[in-house]
Amino acid sequence: MHSKRSRLDRFISAHCAIKRKDIRLLLAQGRVQVDGVRATDVDLQVDQFSHITLDQRVLQERSASYVMLHKPVGVVSATRDVEHQTVLDLMARPDRAELHLAGRLDLNSSGLMLLTNDGQWSRRLTAPESKLPKRYRVTLGKPLTRDYVDAFARGFYFPYEGITTLPARLEILSDHCAEVILCEGKYHQIKRMFGRFRNPVLKLHRTAIGQLELDPELKPGESRDLTCHELALLAEESASI
Ligand code: URA
């Protein structure tokens, strides 16, 4: 998962109004560092998160943020909203204003959400082609039957979009509780699927995205940075896109 890259000489020329031919000289003189290492190659690829200095003057120092949040019910999956508290309002971190959402949950759903300042990363995760499985714990108003399992596996025709939903896995956990795994995210998808059985969804909680599990230590409203291991898990799963 790489952010958009450009050549080092193009970056310096754009940021410092120095002609590209003069940049060769700066590099040869060892005056430019990228991520703490002296850069000598004009072709070196840099991205929005490379730390770049010229004569110890910082030209760019922006670090990538990848955040897991336990979204509570009643908080909106948006960066601003006139009516409701947003997921960003829950965070106190200094780079909060730079973050955007990698996927959404409905206002009355809870669970795992991802935020980042890396547009390439979020696009890759949320691209329909990624088919990244998302796992939900669902509590229903009426008892479940075996018919649900087959119907979810077959898919439902959604006339508004003119599509049939991809095969989804439903496991009955108890009379009124199921685990559902979807590989897509249509508008209100789970509620609409149970709606076909006239069975209202009382609670909807996302527990995992791909192999990334919601950290059980995070209380509703809490967030933390993803670990390198968690980032690698997601990278592995979306590598084929
Ligand atoms: N399906 C829904 O209906 N709502 C969500 O928030 C997520 C999946």
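Sequence order as written defines the numbering, with residues in each chain counted from 1. Selection of residues for local features in this predicted model requires a pLDDT of at least 70, selection of side-chain atom pairs for listing and counting requires 80 or more, and totals for whole chains, interfaces and linings are taken over all residues. The basis for every side-chain value is the complete set of heavy atoms in the structure, and neither hydrogens nor water enter the calculation.

A.B. asks: Is there a simple way to explain the overall build of the protein in this structure?
C.D. replies: Helix and strand assignments follow DSSP, with helices taken as H or I runs no shorter than four residues and strands as E runs no shorter than two, numbered in order from the N terminus. For the protein, the helix and strand inventory stands at six helices and 17 strands. Computed over the C-alpha atoms, the radius of gyration of the protein is 23 Å, more than 25% above the 18 Å expected from 2.2 N^0.38 for a compact globule of 241 residues. With the C-alpha coordinates of the protein rotated into their principal frame, the extents come out at 75 × 35 × 30 Å. For the protein, with 241 residues in total, the buried portion stands at 43%. Values of the radius of gyration come from C-alpha atoms, whereas the globule rule sets the reference at 2.2 Å times the count of residues to the power 0.38. Burial status follows relative accessibility: with a 1.4 Å probe on protein chains alone, a residue under 20% of its type maximum counts as buried, one over 50% as exposed, and anything between as partly exposed.

A.B. asks: How do you make sense of the site of the ligand when you look at a structure like this?
C.D. replies: Residues are labelled near a given molecule or strand when at least one of their non-hydrogen atoms is within 4 Å of it. Taken together, the neighbourhood of the ligand is formed by Leu105, Asp106, Ser109, Tyr136, His188, Gln189, Ile190, Lys191 and Leu204. Within 3.5 Å is the distance limit for a polar contact, defined as a pair of N or O atoms, with the added protein rule that one can donate a hydrogen and the other accept it, and that residues adjacent in sequence qualify only through two side-chain atoms. At 2.7 Å, a side-chain N or O of Asp106 approaches a nitrogen atom of the ligand. Ser109 places a side-chain nitrogen or oxygen 2.9 Å from an oxygen atom of the ligand. Methods summary: accessible areas were calculated by the Shrake-Rupley approach with a probe of 1.4 Å, and residue burial reflects only the protein chains presented. When isolated, the ligand has an accessible area of 240 Å², and the protein chains bury 94% of it. Computed over the protein atoms alone on a 1 Å grid, cavities are sets of points where a 1.4 Å probe fits but cannot get out and pockets are open sets with protein on both sides within 12 Å along at least five of seven lines; a residue lines them when it has an atom within 4 Å of a point. To qualify as sitting in a cavity or pocket, a molecule needs more than half of its atoms within 2 Å of the grid points. With respect to the pocket detection grid, the ligand is positioned in the largest pocket. Broken down by element, the residue count for the shell around the ligand peaks at three residues, all from helix H5 (residues 189-195). Charged residues are taken to be Asp, Glu, Lys and Arg, nonpolar residues to be Ala, Val, Leu, Ile, Met, Phe, Trp, Tyr, Cys and Pro, and polar residues to be all remaining types, Gly included. Across the shell around the ligand, the residue classes tally to four nonpolar, three polar and two charged.

A.B. asks: In this structure, what is going on with the pattern of salt bridges? I would like to understand it.
C.D. replies: Pairs may arise between side chains of opposite charge once their charged atoms sit close together. Only one rule defines a salt bridge in this text: a Lys or Arg side-chain nitrogen within 4 Å of an Asp or Glu carboxyl oxygen. Under the criterion given, the structure shown has 16 salt bridges. When the shortest N-O distance is used, the salt bridge between Asp225 and Arg93 registers 3.0 Å. Of this pair, Asp225 sits in strand S17 (residues 223-225) while Arg93 sits in the loop between strand S7 (66-71) and strand S8 (100-101); the two residues are 132 residues apart in sequence, bridging distant segments of the chain. A salt bridge links Arg169 to Glu171; the shortest N-O distance between them is 3.0 Å. Three or more residues are tied together by salt bridges with common partners; here these are Arg7, Asp9, Arg20 and Asp43.

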